[in-house]
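Observations on the model geometry
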Amino acid sequence: MESNKNPYTEPVHEELFHDTPNAPTRTIAVAIDPSSHADHAFKYCLENVAKPGDQIVLLNVRPVPSFPSFGITPYTDVSEWVDKVEEKSRTQSHELLKKYGSKVLQHGLHCRAIALRGDAREELVSKVNELNPAIFVIGSRGLGTFKRTVLGSVSDYAAHHANCAVLPYSLPINEELYDVSKLDKPDRVIAVAVDGSSHSNYAFDFFLENVARPGDRIVLLHVRPLPVFPSQYGIASRPEVTEMAGEFEEIAKKQSHNLLRQYGSEVQRRGLQVRAIGLRGDPREELILKVNEINPSMLVVGARGFGAMRRELLGSVSDFAMYHAKCPVFISKHPQSLE
């Protein structure tokens, strides 16, 4: 008796639309999956990149159905189960491409839609290099350097291996919790990074006691992480995982806003103006982008007291701010970090 062998490991190329004009103005490839990042990238492409006469090639990569990792002996026949998983995944992929293909046609553009199977990074880039489009548009999850390396960013892989121009689109998050439009112009604007940790709380309290003064406007900044799943195994593109990620995002958003309101209430209690902004993504990158946009008189951030090795591996926010912020950076150190 033969041992288990997955019949669905070979790559596929399934065309759902092939509306190919004689001479398209340009060909633009767009990666599609059930995530909000892909949806926003698709909309951005139609509204800001595509032109009349362009051909949009939609690409979706479904994962190879994998065997369960428990309760399976080498001689267990799981072919029927794998067939069902593959058929369900194939149907979902085709329905997704038809959905977005209809939107392309409604936009008055030419459309091709291609379903692929395998590793999302490798299959996308391989097909893109075969098609040779003018531009490849792909949603970016906004991972930091460490998570891009460990989890495998598809957009990062495309940027380094695609033979055409690549447009990784990341939806900016900027959630304002207080209306400051009717407040008087402040004497100073000071940004304060908060995250609820003891180091952040100490920096916040130290700042209010020793640095803040009447007439200041305090801009509270909190960056919540992205819900992330490994992309190299196709996990991140599965509908059930996308739904789970949406639930995690809602929980993280609620916690972030509650945290900002707690800090904001203390600022208001002291008679100072407050602005509170919720961000999402890599804390170092998102924080500095927003700080440089606001252009405050100062950025206040707590230091966790990492040594050189941990700063290099884990990424110190205060270290990153010190080198990349365009304003003075006030780094407050918790007494415990000095021990």
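Residues numbered from 1 in each chain as written. Predicted model: local features only at pLDDT ≥ 70, side-chain atom pairs only at ≥ 80, totals over all residues. Heavy atoms only, no water.

**Section: the confidence of the model for the protein**
Our working definition: Known as pLDDT, the predictor's confidence for each residue is given on a scale from 0 to 100. In what follows, residue pairs with any heavy atoms lying within 4.5 Å of each other are defined as contacts.
When pLDDT is averaged along the protein, the result is 80, and 76% of the positions lie at 70 or above. When the criterion is pLDDT under 50, residues 230-237 qualifies, and its contacts beyond four places in sequence or with other chains add up to 29 contacts. Low pLDDT, under 50, characterises residues 306-315; the stretch is placed with 8 contacts to residues that sit more than four places away or in other chains.

**Details of unusual backbone geometry**
Just so we agree on the cut-off: Only protein chains enter the area calculation, which uses a 1.4 Å probe; residues under 20% of their type maximum are buried, those over 50% are exposed, and those in between are partly exposed. Working definition: helices are DSSP H or I runs of at least four residues, strands are E runs of at least two. Numbering for both runs from the N terminus.
Phi angles above zero are rare outside glycine, and Asn-132 is one such case at about 55°. Exposure remark for Asn-132: the relative accessible area of 54% places this residue in the exposed category. The backbone phi angle of Asn-295 is positive, close to 55°, even though this residue is not glycine. The topology assignment puts Asn-295 in the loop between α8 (283-294) and β11 (298-303).

**Looking at the packing of α8 against helix α10 (residues 317-324)**
Rules: Here an angle of 0 to 180 degrees is reported between the N-to-C directions of two axes, which are lines fitted to C-alpha atoms, with helices fitted over the stretch in contact. Handedness of a crossing is defined here by the sense of rotation of the near helix relative to the far one, left-handed for an anticlockwise turn of less than a right angle and right-handed for a clockwise turn. Here the nonpolar group is Ala, Val, Leu, Ile, Met, Phe, Trp, Tyr, Cys and Pro; Asp, Glu, Lys and Arg are the charged ones; every other residue, Gly included, is treated as polar.
Where α8 meets α10, the axes come as close as 10 Å, and the angle between the chain directions of the two elements is 35°. The interaxial crossing formed by α8 with α10 has right-handed handedness. Taking contact as the criterion, the partners of Pro-283, Arg-284, Glu-285, Leu-287, Ile-288 and Asn-292 in α8 are, on α10, Val-317, Phe-320, Ala-321 and His-324. Of the residues that constitute the contact of α8 with α10, the class distribution is 6 nonpolar, 2 polar and 2 charged.

**Remarks on the pattern of salt bridges**
To keep things clear, this is the line we draw: By salt bridge we mean one thing: a side-chain nitrogen of Lys or Arg within 4 Å of a carboxyl oxygen of Asp or Glu.
Scanning all chains against the criterion turns up 14 salt bridges. Residue Arg-275 is joined to Glu-176 by a salt bridge in which the shortest nitrogen-to-oxygen separation is 2.5 Å. Pair noted here: Arg-275 is in strand β10 (residues 273-280) and Glu-176 is in strand β7 (residues 175-176), with a separation of 99 residues, a long-range link. Between Arg-270 and Glu-209 there is a salt bridge whose closest N-O contact spans 3.0 Å. With Arg-270 in the loop between α7 (239-269) and β10 and Glu-209 in helix α6 (residues 198-210), this pair connects stretches of sequence that are 61 residues apart. Each of Glu-209, Glu-266, Arg-269 and Arg-270 takes part in a single network of salt bridges with overlapping partners.

**Here we look at the sheet that holds strand β9 (residues 216-224)**
What counts is decided by this rule: One bridge is not enough; two strands pair if DSSP finds at least two bridges between them.
Taken in spatial order, the 6 strands of this open sheet run β7-β10-β9-β8-β11-β12, and their pairing is mixed. Each edge of the open sheet is held by one strand with a lone partner, namely β7 and β12 (329-333). As defined by bridge partners, strand β8 (residues 188-193) adjoins β11 across 3 bridges and the pair is classed as parallel. Considered in β11, the bridge of Ile-190 is made with Met-298. In the packing of α6 onto the sheet, contacts are made with β8, β9, β11 and β12, and the angle to β11 comes to roughly 140°. Contacting β11 and β12, α10 crosses the sheet at an angle of about 155° to β11.

**Some words on the side chain of His-257**
With respect to the helices, strands and loops of the structure, His-257 is situated in helix α7. Setting aside anything within four residues of it in sequence, one finds His-257 in contact with Glu-175, Leu-177 and Arg-224.

**Examining the pairing of β10**
With respect to burial, β10 is a largely interior element, 8 of its 8 residues being buried. The alternating pattern of β10 places Gln-273, Arg-275, Ile-277 and Leu-279 on one face and Val-274, Ala-276, Gly-278 and Arg-280 on the opposite face, and all of these are buried. Strand direction decides the pairing type here: β7 and β10, joined by 2 bridges, are antiparallel. Residue Glu-176 lies in a different strand from β10, and its bridge partner there is Ile-277. Where β9 lies against β10, 8 bridges are found, and the strand directions are parallel. Among the inter-strand pairings, Arg-224 is bridged to a residue of β10, identified as Arg-280.

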